[in-house]
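Coordinates in review
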Amino acid sequence: MKKGYLYRIARADAARVRELAGEVVGLPCWSFGGAALCDLDPGKGTDNLRPIRALGRLEDLDLRGDLGHIFSARAEVRWKRRDDGSYDVLVLSEQALSITGLQTLGEEWDVSEPPARNKIIQTGQYPPLTYLTYHAPNGAAQFVRYSHPEVTP
């Protein structure tokens, strides 16, 4: 079983989220996000959420809304908006990171890969996603880290 590492920044501004995306996730990458609480517009229905899409440039990362994810085969950065100026950020990586400001969450986590045929199926014309499961010390699945679609951006 692989080892994984979880890190957190309890309060980061938009510039720091973008910086982490570049340092940790890199290109090629994919992102999604949207409104689920503060920015939720019930009249928009599913349009409150942005579909998973490829990013050709990290500058195109969309931080609007209440939450988001940016991920690649290397790592994933997740954020949840705390208020108008800051985000709570979680980093999932199979590589130990030494980046200023990252708080380690626990020791090494066990990470399992599903059989190749197991993928997250998306609706529409979007390709299936591969994923990794981070397990708590008692063996329970704690986090699912998005890895990448079957196709490259």
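Keep in mind that this is a model prediction, so the values were computed, not measured. (Residues numbered from 1 in each chain as written. Predicted model: local features only at pLDDT ≥ 70, side-chain atom pairs only at ≥ 80, totals over all residues. Heavy atoms only, no water.)

1. So, the overall build of the protein
As a reminder of what qualifies: Working definition: helices are DSSP H or I runs of at least four residues, strands are E runs of at least two. Numbering for both runs from the N terminus. Here the radius of gyration uses the C-alpha set of atoms, whereas the globule reference equals 2.2 Å times the residue count to the power 0.38. Partly exposed residues are those whose accessible area sits between 20% and 50% of the maximum for their type, while under 20% is buried and over 50% is exposed, using a 1.4 Å probe and protein chains only. Residues count as neighbours in contact if any of their non-hydrogen atoms are within 4.5 Å of one another. What sets the accessible areas is the Shrake-Rupley method with a 1.4 Å probe; for residues, cover comes only from the shown protein chains.
Assigned secondary structure in the protein consists of one helix and 10 strands. Starting at the N terminus and ending at the C terminus, the protein contains elements arranged as β-α-β-β-β-β-β-β-β-β-β. Against the compact-globule benchmark of 15 Å for 153 residues, the protein has a radius of gyration of 15 Å, which places it among compact chains. When the backbone C-alpha atoms are referred to their principal axes, the protein occupies close to 45 × 35 × 30 Å. Scored against the burial criterion, the 153 residues of the protein give a buried share of 46%. Contacts in the protein between residues at least 24 apart in sequence constitute 63% of all its contacts with a sequence separation of at least 6. In the structure as shown, the protein presents an accessible area of about 8500 Å², 51% of it carried by carbon and sulfur atoms.

2. Some details on the packing of aromatic side chains
Which entries qualify depends on this criterion: When the centres of two rings from Phe, Tyr and Trp lie within 6.5 Å, Trp using its six-membered ring, the rings pair. Their planes under 30 degrees apart give stacked, over 60 give edge-to-face, and anything left gives tilted.
All chains considered together, the criterion is met by five aromatic pairs. Judged by centre distance (6.4 Å) and plane angle (70°), the ring pair of Phe32 and Phe71 falls under edge-to-face. Taken as a pair, Phe32 in strand β2 (residues 29–34) and Phe71 in strand β4 (residues 67–71) lie far apart in primary sequence, 39 residues in all. This pair shows no difference in class: Phe32 is buried, exactly as Phe71 is. When the ring of Trp109 is compared with that of Phe143, the centres are 5.8 Å apart and the planes differ by 65°; the resulting orientation is edge-to-face. Taken together, the residues span a long stretch of sequence, with Trp109 in strand β8 (residues 109–112) and Phe143 in strand β10 (residues 141–149) at a distance of 34 residues. For Trp109, a relative accessible area of 12% gives the class buried. Members of the aromatic cluster, each reached through a chain of ring pairs, are Trp30, Phe32, Phe71 and Tyr146.

3. A short note on the environment of Gly65
Relative to the assigned elements, Gly65 resides in the loop between β3 (49–55) and β4. Its relative accessible area of 13% is what places Gly65 among the buried residues. C-alpha of Gly65 to C-alpha of Asp84: the two residues are 19 residues apart in sequence and 10 Å apart in space. The residues contacting Gly65, other than those within four sequence positions of it, are Gly34, Ala35, Asp39 and Arg81.

4. Points about the nonpolar core
Nonpolar side chains in soluble globular proteins tend to end up buried together. Condition: Joining through side-chain atoms within 4.5 Å is the link that ties buried Ala, Val, Leu, Ile, Met, Phe, Trp, Tyr and Cys residues into a set, and such a set is a nonpolar core.
Counting residues in each nonpolar core, the largest one holds 23 residues, and the members touching the most others are Leu20, Ile70, Val77, Trp79 and Val89. Put simply, the parts of the chain that give this core at least two residues each are β1 (2–12), α1 (14–25), β5 (75–81) and β6 (87–93). The leading source of residues in this core is α1, at five residues.

5. Description of the environment of Ala10
For Ala10, the location among the structural elements is in strand β1. Judged by relative accessible area, Ala10 falls into the partly exposed class, the value being 31%. In this structure the C-alpha to C-alpha distance between Ala10 and Val89, which are 79 residues apart in sequence, comes to 6.3 Å. Excluding anything up to four places from it in sequence, Ala10 contacts Arg82, Tyr87 and Asp88.

Interpretation in functional terms is not warranted from these geometric data alone.
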